[in-house]
Structure formats: C-alpha cells, structure tokens
Protein chains: 2
Amino acid sequence: MNQDYIKPNAWSIIEEGFDAARVKSSESLFSLGNGAMGQRANFEETYTGPSFQGSYIAGVYYPDKTKVGWWKNGYPEYFAKVLNAPNWIGIDIWVDGEPFDLNSCTQVTDFRRELNMREGWYQRSFKATMSNGAQLSVSVKRFLSLKLEELGAISYTIQVLDGAHKIRLEPYLDGGITNEDSNWDDKFWNQTAMESQGERAFLKAYTLKTEFHVCSFMANRLCHEGNWISSAPETVLAGERLGHAYELDMEKNETLKLYKFGGYVSDRRYAKENLIPTANQILDTALEMGFDTLLVQQVLAWQSIWDTADIEIVGDLKAQQGIRFNIFQLNQTYLGNDPKLNIGPKGFTGEKYGGSTYWDTEAYCIPFYMATKNQEVARNLLEYRFKQLPKALENAEKLGFDGGAALYPMVTMNGEECHNEWEITFEEIHRNGAIAFAIYNYTRYTNDLTYIPEMGLEVLVGIARFWAQRVSFSEPRSQYVMLGVTGPNEYENNVNNNWYTNYLAQWCLLYAKEQLQLVSKKYSEDYERIVKKTKLEEHEPGQWEEIAQNIYFPASETHGVYLQQDGFLDKELIPVSDLDPSQRPINQKWSWDRILRSPYIKQADVLQGFYFFEEHFSWEDHKKHFEFYEPFTVHESSLSPCVHSILASRLDKVEQAYAFYLRTSRLDLDDYNKEVEEGLHITSMAGTWMSIVEGFGGMRVKDGMLCFDPNIPANWHSYSFKINFRGHIITLSKTQDEVSLRNQGKTGLRVRLLDEIMDLPAER
Amino acid sequence: MNQDYIKPNAWSIIEEGFDAARVKSSESLFSLGNGAMGQRANFEETYTGPSFQGSYIAGVYYPDKTKVGWWKNGYPEYFAKVLNAPNWIGIDIWVDGEPFDLNSCTQVTDFRRELNMREGWYQRSFKATMSNGAQLSVSVKRFLSLKLEELGAISYTIQVLDGAHKIRLEPYLDGGITNEDSNWDDKFWNQTAMESQGERAFLKAYTLKTEFHVCSFMANRLCHEGNWISSAPETVLAGERLGHAYELDMEKNETLKLYKFGGYVSDRRYAKENLIPTANQILDTALEMGFDTLLVQQVLAWQSIWDTADIEIVGDLKAQQGIRFNIFQLNQTYLGNDPKLNIGPKGFTGEKYGGSTYWDTEAYCIPFYMATKNQEVARNLLEYRFKQLPKALENAEKLGFDGGAALYPMVTMNGEECHNEWEITFEEIHRNGAIAFAIYNYTRYTNDLTYIPEMGLEVLVGIARFWAQRVSFSEPRSQYVMLGVTGPNEYENNVNNNWYTNYLAQWCLLYAKEQLQLVSKKYSEDYERIVKKTKLEEHEPGQWEEIAQNIYFPASETHGVYLQQDGFLDKELIPVSDLDPSQRPINQKWSWDRILRSPYIKQADVLQGFYFFEEHFSWEDHKKHFEFYEPFTVHESSLSPCVHSILASRLDKVEQAYAFYLRTSRLDLDDYNKEVEEGLHITSMAGTWMSIVEGFGGMRVKDGMLCFDPNIPANWHSYSFKINFRGHIITLSKTQDEVSLRNQGKTGLRVRLLDEIMDLPAER
C-alpha cells in the first residue's frame, strides 16, 4: 500500500501525530522554496532521529568528480550538483541544561504540521515532555520570502507548561554541512569568516572549484511574555558553527517567542566584497518590517501566483490537494525571473539528480510556465539553452561531430554534460529534439515571433546539423537510419531506429529549414547575422530536407502501428497485466539485461511523439498506438502517467485518464515509488498540470487559436483552471453537464470550445 | 612506431643500456613466474625512478569492493583480484652510508638485462658511479624454482671498482605493499608477525576478508672474496618491514656475493599453523643445495618443458624470439598441476584484469596446454569450471533464470561474477558456449571419454538449460531469437541475434543432447547420477533440439554471408583501410556511441565461429566471410590477430597470415598497444602458438585422426614444432619445399599429411 498519512485538505498539506519513521518523508513533503533558495522541512532544534538535512541555493553548485567503474572516451570529468548549503534555520534549545530533542522526549502530543499552500508558509506545533520532566508547548512558523528572495523568517514560540524552567536558546549558523550524495567525500565548501554583530551574525564561505561566495546570515529577536529582550546574546563559536545564546528563566505558562531572520546572499547577484553589507541591508528591511508584516507580504505574493495558476476541483478532495501541491511546489522551485536558472527534477527538496537540468524542462515544465505566468518566464527558460549553445557545440565536437552541430547535454548545470552512462550520455539524444520542440511550442502558444530570429534560430541550426550527421545511410533500405540510440523509454538501450527519435529528428530538420526561410524573409538582418555566425552553407537546408524526407520509420503492417524501434516485435509481448506483481517495479527486481529484452516500457516513447505531434496523426492512429503500447508500459518514470493521461482523455477513456491523473498528482503525497524521503518529483508535477489542462480540459493552440475539448471524471462535481493566453486570463469551468469560459483580459478573444468558435468578451 | 629496444635473439630477451623511461616496460617483459607465483622484474635494490612493483601468489586474492557510477540490479558486490604480495626480493645497499640507487647514480654503463628462456633465469648487470664517487660493478641473477614452487633465489654480486668502501647490505621482507589497482584504497593485507631466526626471517600476514594466510620468508648468505661470512646479521625492524643488515669493508676490486633465498608459503597448500616450519623446511633444502645446484635443477626443468613445447623458426630471428617468448610466458603463468588455478590475462606480470579467469582460457589456452603438456593439465582446466558449476547455477538464478540453468561468469576468481558493466556482465553470454566447446575440444583431441560422464555432462546440461531459457520465440519470424547480447566483438553492445552467440547456443543444445544419449548408453550409472542431481526432465533434451533446429540466424543474400547481428548492413560499411590513421586505435579516439554505430570489429566474431566450427562450413564460405569481415576488423583486442592468422593460413593467404602472426607474437616485445608497462598479454600468447600450429602447420584432429596441412611464410627458411598427441610427441618440420613428421612415442600413429594418410612409426 502507498503511504496515506497526509490529511486531505483543499489548500494545505497536513500531518497529525508524531512518528519518527515519517520524519524524512515529511521533510520532503513540507519543503519550502522561493525560486532562489529552498529547504527541506528539517526541525530547527536538535533532532537526533533519522533525518535528511538540506538547504539549497539556486545556481550554487559544485563539480563533483565523476565516479565510474569503467571509463569510456567522452565521459564528463564531473557531475555538477547543487550543494547542501550552510544551515541558517538552526535553533538549539536547552531546558534546565538538558538539550531539547523530540527524539528523546518521553511524550510528544498534538504534533501537527501544516504546509499552507495558499499563503506560502509552513507551521509545526506540538506538546512535549522531556526526560527531565519539563513540559513544553512549541509552535513554529516559517516561510521563505517571495519578495525578498534572500530572506527566510521563522517565529519559534515556546510555552512552558509544567512549572518554572531555565531556558537557553541558541539560534545559530552552521557551515559544517555535507552532501549525502558525494562521489568521493570531497569537501565542497571552504569557510572563510564568522562574524557576530550584536543580534546579527554572518558566516562567509565559498564553494571549492566553482568559487561561489556565499554569506549566510541571521538576526534574532526574543520576546518574553510580550516584552522584547534587549540584552545582547553570548556569541558561541564551535568549529564551523556560530551561535547566539540567550538564557532566561520562565515561569509556568509563560511564553517566549524567538524571531529568526536568515538566508543567503551570494556573488551570483552581489559583489563578493559586499556580501555582509548586503546581508545587513536585507536584515535592516526584515527587522524593520517584522515577521507579521513580512508574512502579509508573503500571503499577497502567493495570492497573485494563484490568481493565474490555480486549478479547482470540486467533489474530490484528494485530487484537489494533489494538483495544488503540484502547482505550489513548481512555483517554490522556479519563478522564472533568472534566465541562468532552471528546474532540477527534485527542485530544492533533495540532492538526487544534483539539481541539474534535464529535458524535463522543455518537455514538461515549459507548457506549465507558459500558461500560468507571463510569457517572459518561458522565454527565460528558452534563453537558458540559447546561452548554453556554445557548450552544446563543444559537446558535439567532443563526440566526433563537425563544428556547428550542437548536442545539448542530458544533464547539466552550466551547459556541460554531467552524466556518465554511455547509453544515456551518448545515446539518449532525443533530448536535442525536445529543445527544438520547446521553441516551436513557445512560439505557437505565445505568438512571440521575435525569439526565433533573436536566439532560437541558432539553436535550431545547431540541432539540425547534429541530426543530419547523426543519421547514416543504409544501402539495403536506401533510407536514412539512426543507429545506436536510447529513446525516452530507458528500458531499451542502444537500439536502432527508435521511432520517437527518428520522428523528432525529421521534424527538427524540416522545422529548422522552414524557420530559416521565414527569418530570411521577415528578419533579414538577423538572418544575415546568423548565417555568418553559424557559417551556414547554402546547400545545408536542402540537405536537411532530403534527409528528413528519407528517414526510415519502423512499422508493423500486421498491427498497423509504428514500432518503438527495429525488432520490437521479436520480443515476447506479454502485457504488464500478466506480470506477477511480486516482480514489480521491474527496475528493482530484474537484472538489466532482462529488462532490456522485455517489451516493458518505462515511460511514454512512441506515445510521447504522439503527444508532441498530435495533429500529425488521426484519432484512429492515436487509438491504435495507445492500445498497442499502453499494455506494455510500467510507468516506472514519474514522467509517464501524465502523458498517458492526456492521451487517454483525448481518446475519451476518461476513467483511465483519471487513474493516471491520481497517480501523477499524488505520486509524492502517497509515495507511490517508495522514495519520497529523497525529495519530491518536481518536474513531473508540470505533467500533472498538463493532464488536467491539456487532458481533461483538452486545451490546445491550433492555428493560433485557443481551443478546448473538455471532459470530466465521473466522480468530480466540477473543476476549473486558469491559463494566461497571450495576456488574457482564461478560466475554464466544467461540471458534469456544462462548460463555461471567462476572459479576464483587456480585449476579447476568439476561442474554440468543442467544435464551436466563439468570441469571449473581456470582462473589464 | 612500435618499441624496438629488445635485441633479437633466438632464446633470450635482451636489453642493453640503461634508460629510465624503459624501466616499467622491462619490468613487464623480464617478468619471472613458476605457475605458483610470479613477479615483475623490479630491481632488488632501492630504485626511486618510475617503477611498478609487483609480486603475486597464484590463487591469493582479495574481493575489492566494486566501483560503479550507476548501480544496476545483478551487479556483483566485488571484483576479486590477485594481490600484490609482500616483497621478498628487496636488498638495500649503502656505500659509505649513501644509499645505492640507479636513479641517482651519476653514470650507469654496461647495463644489460637477459631473460634466458631456455634455462628459466633472469640476469641484470651494470657498472655504476654513485654520487659519492664510489664505482660498483653489479651482476644479479634470479629465478623462481620450477621444482620448489614456493622458492625463489637471487645471487647478487657486487665488485667495488674504484677503491675501499664500507658496504652495508640489507636484504629484507616488506609487507608494506599496496595494489596500484584498488577501487577504494582499502587495505588488503593484515600483517601479524615478523620473526628473525639467525640468517632467516619470516613475515606473516593474511588477506582481509578472504583470509589467505601467507608467510613470506628469506634466508641470506654472504660470501666475500670466496669466503662465507658467518657473523649474524643485525635485525632491522621498520614498520611492516624486516631487514637483516650486514656491514663490511671492501678493498678495491674485491667481490661480495649475497645469496638470497625467499618466497611464500600459504595456507592454500599448508596448514596455517605450520607456515613458518614449512618455510624453514624449504629453506633447509635450498641452503643445502645452494644457488648453483638449484639453478642446474631449474635448467633441467625448463629443458623438459621445451622438449614438448618448443617451436623453432629458422631464418626469421624476430619471429623465433616472439614465439619462444610466448611459450615461455605461458609456462611461467600456468603449469597445470593445480585445478584450483587458472590463467589470468596478464598472468603474474601486472594487476590489470585482477589475475581473474576469462573465456580466454577455454577459447585460447586449452588448445596450447592440451598439445604441449600431459592431457591432465587441460583436464584440470576443465575441472576448474566443473568445480565452479554451483556458482554458475547461482549466477543464472540471480539473473532470473530457473534453477538448473548455469551461466558462467565473464570474470571470476572463485566462480562468482566480478565484472560490472551490464553490456558485458549480463550480455556477453557467449562465454558460456566457450566452456562447452572446450569440453568438446578436449574430448576430440585427447580421446579421453571419461571426463564427460564424470564431470562435463553436468556442465553441459546447465549450459543447455541456460540457452533454452535465454532465447525467446519471435512470432513474426516463427523462430527462436536471442535478444540483447554482446558478442566477442565488444564494439557492439546489446544487439539482437549475434550470429556467433546464436550458433554457439545451437551447437551447445545439440551437443548436450548428444552427450546425454551417449552417456546414457555407455555410462548408465553416471547417467542416473546426473539425471538425479540435475533433476533432468524427460522432455528437456527434445526441447533443446526443437529450439536448436529453429534458431534464427541473420544473413545477407546479397553478400552471401551470415551477418554479425541483426541490422549489420544498416551500417556505413567503410573499410578500416579508408580510416584516417590518426583516428586509431578507435577505442582511444572515439566516443563509445561512435564506435558502436560503426562497422568496426574489435576482435573476430563471426570468424571466431568459423574458427571453432571450421568443418561446418565450406572453404568458399570461409573465404567469403573472411573477405567480408576482415576489412572491418581493427584487432584492438589481443585475442584477434591469431584467429585471423589461422583463417588466412587456411585460405592460403600466407603473407596476410604472417603479418597477423608477427602482430600477435611480438605484441608485447614491440608494444603494439602502448601499454606493456601494465603487464604482458598472457592469454593471447596461446593464440600466437595456435597461429603457428593450427595456422601455418594446419594441425587439426578430424575423426580422431591428427591431420596437418602446412604452409610457410616466404621469408622463413623453415620451422618445426612439437605437439603431444595422445602420448606421442609429434614433430612437424617444414621448409619452403619439404615437410616431415617424427613420432617420439611408444607406438606408431596414423596421421594425415595434406591429403595423404600415413603411418608414423615410433622412433624408439
């Protein structure tokens, strides 16, 4: 069974009751982030039970030396990973000299966590009896400010319940942190300064090799029974840790409140000489505004996010909670204002995947950000890849391609490849196509025609050149083939003619040619610049077209479907439903060779292509392919169920779509994959959003027009979602019987609902 | 250019002149071994220049924890490797207090090394001027006794040339050694005792985890100007090192001779409580016999090896030196008297491949040992795999096969798999076929019909069951296919229907069935025992036959050849000769994906099958396949040129065969692969032997009869070789014009020479 301790609630994630076995899972689920930094829901006070500590600063990474059993030419030297950063949330507590630690308390009652997604804060409260008999009631609220992106705030309230006690509080900064995930136990940080200034403290450190300079900071204010305590704290230095100790005597039922403001400033944004002054300025603001005012600001900031991003589901609380959790976490991870940042598969909730960028961004996240934010955000995500084009050119050259061909990395932080499995690093090249597709998708959705001439076209040329070289000509087939690739379904390696990859390659070649022509006509200056810069030769576009028109696609006449790759039908086609459940998930039960020769599909592959290029195929084709491939799909990637959900919706298999939706939306809340302790699946959360908006809502952009073709699961009363389409906030509301659209824009919008074209007037 | 400093000589490997850049290469080339232990040609005295120290004890290994970047189910936990053992050869020298070290001498002249292959010893001599001005002439001879397998002996002679000096000698044992190749810098040895007994010393240590207990020992005798020095040495303990120091004053031109006897006894052969007494007994014998008598014994022992194993080539000194070097090193590595031992690809000359067993043994080494030694030796090699059958059954089970199927490991020490690349560990399964083929090959050659009923049949049943489960039925082909394998050509991974693997599988299935029938008729008791033990069901052999008769083989009608695997013709078939030489070796220049989608063949694959099953194919088929595949073969495995040499001989392409022969026979002497510093390619040396005996000599066994079909390279005057065929020592001598055969057996032998059947009378 999946985990089910999270209380269903429309706007909050709630845990009740203390269970040490759930602490790591909850640390993931109750994570906070503000796009610039993020942290797991670790306790502020000492906790000696099993815990996974993590606090991360966006863009601050370390090139950890690659670990590999058998080296192969072309492997990268390192894996860049976002690092666990100094701990600024820590507050140690002693009661009559005994450290306060939930793990050693004799009783913990009324334990409750709440992650309030509507307002963007996290609260934890409980009553505890310590082994020395002292009884405390504690309530902690914390948030990472959306407005002041370097700042977090904590209010830590303690009430003594049983009598008089001497309380010692030590809020601290701790640079003595490590990554759980480290290949060679290297030291990642070098700490250079600890400085105490009255109620404030600063800790300076830089990352080794990459030399990101970071100043962690804190300021603390203490309020006893409503009275501010003005006495200066004692400074406590211990190793790489700097604490401020306060001691006072409390009577029974008295309350003590510690406000801790902290966070990071780094030379990613500020001059490294000015880090402490900058931190001081931020603290000036924070202390002046105070916790409660900052919190009001936070609530308002989240309100404006929800205004354009919320999805409401009535009649299915778990489904409602799931989608809001997904939208909330995506926004905690990436807000889109920094084109040097991207979206790591686990965001700021764990170390796995190193916080690096995968093709998840282009295939899953961009549609979400495009539709829920200003189009600049999606443009920033595209620009991220444009800026990394030089590295993609280098990467292709390193693998033996001629200059001018670009191969984007499978995993990256700064544009260089990080991953080191040959079947993925060198062969999972479809990622290159997803990057081109995102350019197309962005242009289609936003109608922003400037991105391609300004930046996108260079990327398209590099990618087209890659495909043109990566295919080879098969004499016996008299067609171009693509040998030795790994498709999105990573349960096949080094296959020939993966249909999805071939199809994407063909599309890229034609699209690059088409865009070249378009730009040459409409943006001739840009065209000249790009031709010069890329040294484009006249024959190239024609050659791309020739290749595209002659790419081979494996297919089966018997089954009337395209084949995932050459030889797929040689497999023993036993459907997943006939597999012994004890054998699943197969990636935990079977050796790799057995997985490879099986027909089982980790995630949508041919169907991913049908999802991308829906309009290229008939409804009947969709049906045939869905019905052929779905029975072999094990969905052991978080990125799979959402695509199947969308396709099932399109095929009017609404209940199947709903089952996939539940799986994708509550993947982490219900811990389907038994790994939520490691962190959340952030990028697939965008897929969850798509399975409602594009799936149930049937939202598409066709010929520049926004179209909807909605359906609704039988057990829902209604649902509604908002999208930002070219400046219009469009709300679709669907009940079992009706569908309605609103347009909160400045002008009217012509849309298509089912088969009807209608004009939606502006509401104001 | 390849290296060429080794002086051509018929019986010796000779180096002249001191060059520090060659030290590591010569340490490999001048290695010594006696089957039970072996060592690189490290200097006895301190040497501070680049050096690679190695001394190895057969069968004493350590399970080094696996290093892997991305773990996959089924990977082994460790890689068992033969360890660098305590150093027993060390002799430190001080002249007037200054350490003697060739790396810091101001002049070194008359430096010469000789590895005398006829007599089995290694000598090094030189004159050196130290930085304090002292001039020495040094001559060192050393050997590892074939008769006393735990014993090595050194005579170290020093003459002072320039005047009177105080000489301090410190022969020592040193347990403070490490492996260069260690995954996690683990400690491999735990030293437990150092003991000095007069002129003798002992050092006890055991390997961690595997707990092999080893006693390293030494005894030293000093002779000054012909007079034995009787004074007891000073014992010097330093860390894990135990030395015996001698000091004396020498006048100009006086000579000092140190005899050092040393080696290892281990609990692989002796009780661990008795290791020091056993070492003492060995030293008793050694000291009683003395260096010179031991050396005479050594010369005689090598003489008897050469008596049945020598190959003489007249008119081509480099070719002569090459083949003797190969035969010599094979005999240094493995003598065949211990069925628990096997032949590591680098023997005792380096750490690479961990001294573990590969399919090299069955495919390459067994023919050599069968024909140059008593047939017991080859039987011991077969028995090695029989004893490891339980682990092969376990291994198959671990990979998801039903009980009773056996998959032998790709790399092993004790029967467990050591390797951890999925494309090899799980997919290079043809090794299983080589193990069955060796049983067939042994039976064919020796006519020993008892091995199969006694041991071999169980192995054949396990292997047949593996293949029967490993194939799958392809509906569209209505045939059995073998998906996801790696053939001998490791430049293709995870391919479908590798022809070689399919062919071997077919053969194994039929051979196992045939042998079951044979044993059931002639050895019914053995048959009953095996059926019971293997729980063989009645239907199984029939099922094997059904599968074998319906296995699919990829083929091209256009080219009239079998295809290496499905889809081979989709590749761009550009011959190696058209490759830019700067791109080679491709495994050092190209990324793995590029190698995989190229047509280039690392080592014989389809042609390996033609070599094994020559009689299944016509001469024309051989020609077509050789001419089709040879142009794409890059021979980047040491195991490749010999097979191509044999096939070229058969196809009367004698000069091509000769080119391959030179490449294989002088691979290490001329350092074709620029890696001889790491050690020698021992197992491929058996392939060199085959390329003369089976290649030029055309030796085959057909229907129980020994056959020859000899040719000769144009630049050779003549060659002759000896083989032991069923107790007859047969010598074939071939000149440009004539061929003759001798039979040194007790009885006559009927053989076929070219197309003529003749009776060879016994010579005595």
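What you see is a predicted model; the values in this text were computed from it and never measured. In this numbering scheme, every chain counts its residues from 1 along its sequence in written order. The order in which chains are written sets their letters, starting at A; the order in which ligands are written sets their numbers, starting at 1. Thresholds applied to this predicted model are a pLDDT of at least 70 for local features of residues and 80 or more for the giving and counting of side-chain atom pairs; totals over whole chains, interfaces and linings are not thresholded and use all residues. Computation of side-chain values covers all heavy atoms of the structure but excludes hydrogens and water.

Comments concerning the overall build of chain A
Consideration 1: Counting from the N terminus, the helices are DSSP H or I runs at least four residues long and the strands are E runs at least two residues long. Tallying secondary structure elements over chain A gives 19 helices and 31 strands in all.
Consideration 2: Relative to the 2.2 N^0.38 estimate, which gives 27 Å for 764 residues, the radius of gyration of chain A is 27 Å and therefore close to what a compact globule would have.
Consideration 3: C-alpha extents for chain A along the principal axes are approximately 90 × 60 × 55 Å.
Consideration 4: Within chain A, the fraction of its 764 residues that count as buried is 65%.
Consideration 5: Counting only contacts in chain A whose residues sit at least 6 apart along the sequence, the fraction spanning at least 24 positions is 69%. C-alpha atoms define the radius of gyration, and 2.2 Å times the number of residues to the power 0.38 defines the globule rule. Each residue's exposure class comes from its accessible area (1.4 Å probe, protein chains only) as a fraction of the maximum for that residue type: buried when under 20%, exposed when over 50%, partly exposed otherwise. Here, two residues are considered to be in contact whenever any of their heavy atoms come within 4.5 Å of each other.

Some thoughts on the relation of the copies chain B and chain A
Consideration 1: When the copies are superposed, the least-squares fit draws on C-alpha atoms of residues that have pLDDT of at least 70 in both. For these two chains of identical sequence, chain B goes onto chain A by a turn of 180° and a shift of 0.0 Å along the axis, with RMSD 0.1 Å. Expressed as an axis order, the relation between the two copies is that of a two-fold axis. Measuring from the rotation axis to each C-alpha of chain B, the shortest distance belongs to V68(B), at 2.4 Å.
Consideration 2: Of the residues that chain B buries at the interface, 100% are likewise interface residues in chain A, meaning the two copies contact each other through the same surface.

Looking at the side chain of K734(B)
Residue and element names in this part refer to chain B.
Consideration 1: For K734, the location among the structural elements is in strand β28 (residues 728–735).
Consideration 2: For K734, which is buried and forms no salt bridge, the nearest opposite charge comes from D737, at a distance of 7.1 Å.
Consideration 3: Those residues in contact with K734, other than ones at most four positions away along the chain, are P710, N711, I712, H717, S718, Y719 and V739. Note on charges: Lys and Arg go in the positive column, Asp and Glu in the negative column, and His and the chain ends are not counted at all. The rule for a salt bridge is simple: a side-chain nitrogen of Lys or Arg has to be within 4 Å of a carboxyl oxygen of Asp or Glu.

Quick look at the packing of aromatic side chains
Consideration 1: Any two rings among Phe, Tyr and Trp, with Trp reduced to its six-membered ring, count as a pair given centres within 6.5 Å; such a pair is stacked if its planes are under 30 degrees apart, edge-to-face if over 60, and tilted if neither. Under the counting rule described, the total for this entry stands at 128 aromatic pairs over all chains.
Consideration 2: Note on F473(A) and Y480(A): the rings are 5.2 Å apart at their centroids and 75° apart in plane angle, and the pair reads as edge-to-face.
Consideration 3: A relative accessible area of 14% means that Y480(A) is categorised as buried.
Consideration 4: Considering the side-chain rings of W359(B) and Y364(B), the 6.0 Å spacing of their centres and the 65° angle between planes classify their relative orientation as edge-to-face.

Things to note about the UniProt feature "domain: Glycoside hydrolase family 65 central catalytic" (unreviewed entry) in chain A
Consideration 1: UniProt positions are given in the numbering used here, feature names are shortened, and annotations may be inferred rather than shown by experiment. With numbering matched to this structure, UniProt assigns "domain: Glycoside hydrolase family 65 central catalytic" (unreviewed entry) to residues 324–690 of chain A.
Consideration 2: Between the end C-alpha atoms of residues 324–690 of chain A there is a gap of 13 Å, over a span that is 52% helix and 3% strand.

Describing the environment of T664(B)
Residue and element names in this part refer to chain B.
Consideration 1: Note on placement: T664 falls in helix α18 (residues 654–665).
Consideration 2: When the C-alpha positions of T664 and P641 are compared, they lie 6.0 Å apart, and in sequence the two are 23 residues distant.
Consideration 3: When sequence neighbours within four positions are dropped, the list of residues in contact with T664 reads N326, P641, C642, S684, T688 and S691.

What about unusual backbone geometry?
Consideration 1: In this structure, the amide linkage connecting R584(A) to the following residue, P585(A), adopts the cis form with an omega of -5°.
Consideration 2: Positionally, P585(A) belongs in the loop between β24 (561–562) and α13 (586–589).
Consideration 3: Although it is not a glycine, E225(A) sits at a positive phi angle of roughly 50°.
Consideration 4: Structurally, the position occupied by E225(A) is in the loop between β15 (213–224) and β16 (227–228).
Consideration 5: Backbone geometry at K535(B) places phi at a positive 50°, although glycine is not the residue there.

Side note on the sheet that holds strand β29 (residues 739–744) of chain A
Residues and elements named next belong to chain A.
Consideration 1: A pair of strands is labelled paired if DSSP reports no fewer than 2 bridges between them. Spatially, four strands are ordered β20-β27-β28-β29 in an open sheet, and the strand pairing comes out antiparallel. Each edge of the open sheet carries a strand with a single partner, namely β20 (311–314) and β29. The average undirected angle you get between the axes of adjacent strands in this sheet is 15°.
Consideration 2: Relative to strand β28 (residues 728–735), strand β27 (residues 718–725) runs antiparallel, the two sharing eight bridges. What sits directly across from S718, in β28, is T735.
Consideration 3: Simply put, an axis is a line fit to the C-alpha atoms, just over the touching stretch for a helix, and the angle between two N-to-C directions goes from 0 to 180 degrees. Contacts between helix α2 (residues 275–309) and the sheet are confined to β20, β27 and β28, with β27 contributing the most and set at about 100° to the helix.

What to know about the environment of I729(B)
Residue and element names in this part refer to chain B.
Consideration 1: Turning to its location among the elements, I729 is positioned in strand β28.
Consideration 2: A residue is classified by how much of its surface remains accessible, and I729, at 14% relative accessible area, is buried.
Consideration 3: In sequence terms I729 and G679 are 50 residues apart; their C-alpha atoms lie 32 Å from each other.
Consideration 4: Ignoring any residue separated from it by four or fewer positions in sequence, one finds I729 in contact with D307, T308, K722, I723, N724, R742, N743, Q744 and G745.

Points about the sheet that holds strand β25 (residues 700–702) of chain B
All names here are of chain B.
Consideration 1: Overall, mixed pairing links the four strands, which are arranged β25-β26-β30-β31 in an open sheet. Where the open sheet ends on each side, the last strands, each with one partner, are β25 and β31 (756–760). Taken pair by pair, the neighbouring strands of this sheet meet at an average axis angle of 35°, ignoring direction.
Consideration 2: In this sheet, β31 lies alongside strand β30 (residues 749–753) in antiparallel orientation, the contact comprising five bridges. Looking across to β31, one finds that V751 is bridged to M758.

Observations regarding the UniProt feature "domain: Glycoside hydrolase family 65 C-terminal" (unreviewed entry) in chain A
Consideration 1: If you check UniProt for "domain: Glycoside hydrolase family 65 C-terminal" (unreviewed entry), the listed places come out as residues 699–756 of chain A in our numbering.
Consideration 2: Along residues 699–756 of chain A, the helical share is 0% and the strand share 60%, with 14 Å between the first and last C-alpha atoms.

Re the environment of T66(A)
All names here are of chain A.
Consideration 1: Among the secondary structure elements, T66 is positioned in the loop between β4 (55–65) and β5 (78–84).
Consideration 2: Assessed through its relative accessible area of 6%, T66 is described here as buried.
Consideration 3: When the C-alpha positions of T66 and C418 are compared, they lie 8.3 Å apart, and in sequence the two are 352 residues distant.
Consideration 4: Residues adjacent in sequence count toward polar contacts only when both atoms are side-chain atoms; beyond that, a polar contact is any pair of N or O atoms within 3.5 Å, and within protein one must be able to donate a hydrogen and the other to accept it. Of the polar contacts made by the side chain of T66, one reaches the backbone nitrogen of Y78; its length is 3.0 Å.

Considering the packing of helix α17 (residues 641–650) of chain B against helix α19 (residues 682–696) of chain B
Residue and element names in this part refer to chain B.
Consideration 1: Where α17 contacts α19, the two axes come as close as 8 Å, and the packing angle between them is 5°. With respect to α19, the element α17 is oriented roughly parallel. Contact with α17, carried on its side by C642, S645, I646 and S649, involves G687, T688, M690, S691, E694, G695 and F696 of α19 and no other residues of that element. An angle counts as roughly parallel when it lies under 35 degrees, as roughly antiparallel when it exceeds 145, as roughly perpendicular when it falls between 65 and 115, and as oblique in every other case.

Remarks on the interface of chain B and chain A
Consideration 1: Facing 44 residues of chain B, the contacting portion of chain A comprises 44 residues.
Consideration 2: By buried area we mean how much accessible surface two parts lose on assembly, using a 1.4 Å probe and totalling the loss over both. Buried surface at the junction of chain B and chain A, summed over both partners, amounts to about 3,900 Å²; 53% is from carbon and sulfur atoms.
Consideration 3: The largest per-residue losses of area from chain B upon contact with chain A belong to W70(B), D570(B) and R597(B), which jointly make up 19% of the total buried on that side.
Consideration 4: At the junction of chain B with chain A, the criterion picks out six salt bridges.
Consideration 5: K72(B) is paired through a salt bridge with E421(A); the nearest N and O atoms lie 2.7 Å apart.
Consideration 6: For the pair chain B and chain A, the interface holds 20 residue pairs in polar contact (both at pLDDT 80 or more).

Remarks on α17(B)
For the α-helix, the turn length of 3.6 residues means that residues three or four positions removed from each other point alike.
Residue and element names in this part refer to chain B.
Consideration 1: Here α17 lies mainly inside the structure; nine of its 10 residues are buried.
Consideration 2: When we look at burial in α17, the residues that qualify are P641, C642, V643, H644, S645, I646, L647, A648 and S649.
Consideration 3: The secondary structure elements touched by the buried residues of α17 are α4 (360–372), α15 (606–612), α16 (619–629), α18, α19 and β25.

What about the pairing of strand β26 (residues 705–708) of chain A?
All names here are of chain A.
Consideration 1: Burial along β26 is two-sided: the residues M705 and C707 and L706 and F708 are all buried.
Consideration 2: Linking strand β25 (residues 700–702) back to β26 in an antiparallel pair, the connection comprises two residues, with D703 at a positive phi of about 50°.
Consideration 3: Examined bridge by bridge, β26 and strand β30 (residues 749–753) share three bridges and lie parallel to one another. Counted as the bridge partner of C707 is R752 from β30.

Examining the pattern of salt bridges
Consideration 1: Following the criterion strictly, the structure yields 101 salt bridges over all chains and no others.
Consideration 2: The closest approach of N and O atoms between R379(A) and E454(A), which form a salt bridge, is 2.7 Å. Taken together, the residues span a long stretch of sequence, with R379(A) in helix α5 (residues 375–387) and E454(A) in helix α9 (residues 451–470) at a distance of 75 residues.
Consideration 3: The class of R379(A) is buried, set by a relative accessible area of 9%.
Consideration 4: Owing to a relative accessible area of 37%, E454(A) belongs among the partly exposed residues under this scheme.
Consideration 5: Measuring nitrogen to oxygen at the nearest pair gives 3.2 Å for the salt bridge that ties E150(B) to R269(B). With E150(B) in the loop between β10 (135–144) and β11 (151–160) and R269(B) in the loop between β19 (255–266) and α2 (275–309), this pair connects stretches of sequence that are 119 residues apart.

Brief notes about the confidence of the model for chain A
Consideration 1: The predictor attaches a confidence to each residue, and that confidence, scored 0 to 100, is pLDDT. The predicted model of chain A averages 96 in pLDDT, with 100% of residues at 70 or higher.
Consideration 2: Taken together, the chains of this predicted complex give a pTM of 0.94 and an interface ipTM of 0.93.

Observations regarding the side chain of R142(A)
Consideration 1: Tracing the sequence through the fold places R142(A) in strand β10 (residues 135–144).
Consideration 2: A distance of 2.6 Å separates polar atoms of two side chains, one belonging to R142(A) and the other to E44(A).

Observations concerning the packing of helix α17 (residues 641–650) of chain A against helix α18 (residues 654–665) of chain A
How two helices pack is summed up by the angle between their axes together with the distance between the axes.
All names here are of chain A.
Consideration 1: Their axes nearest at 8 Å, the elements α17 and α18 cross at an angle of 155°. On the basis of the axis angle, α17 is roughly antiparallel to α18. In the crossing of α17 with α18, the sense of the turn from one axis to the other is left-handed. Together, P641, C642, H644, S645, A648 and S649 of α17 and Q656, A657, F660, Y661, R663 and T664 of α18 make up the contact between the two elements.
Consideration 2: Polar here means any residue outside two lists: the nonpolar Ala, Val, Leu, Ile, Met, Phe, Trp, Tyr, Cys and Pro, and the charged Asp, Glu, Lys and Arg; Gly therefore counts as polar. Taken together, the residues that form the contact of α17 with α18 break down as six nonpolar, five polar and one charged. By convention the crossing between two helices is left-handed if the near helix lies anticlockwise of the far one by an angle smaller than a right angle, and right-handed if it lies clockwise.

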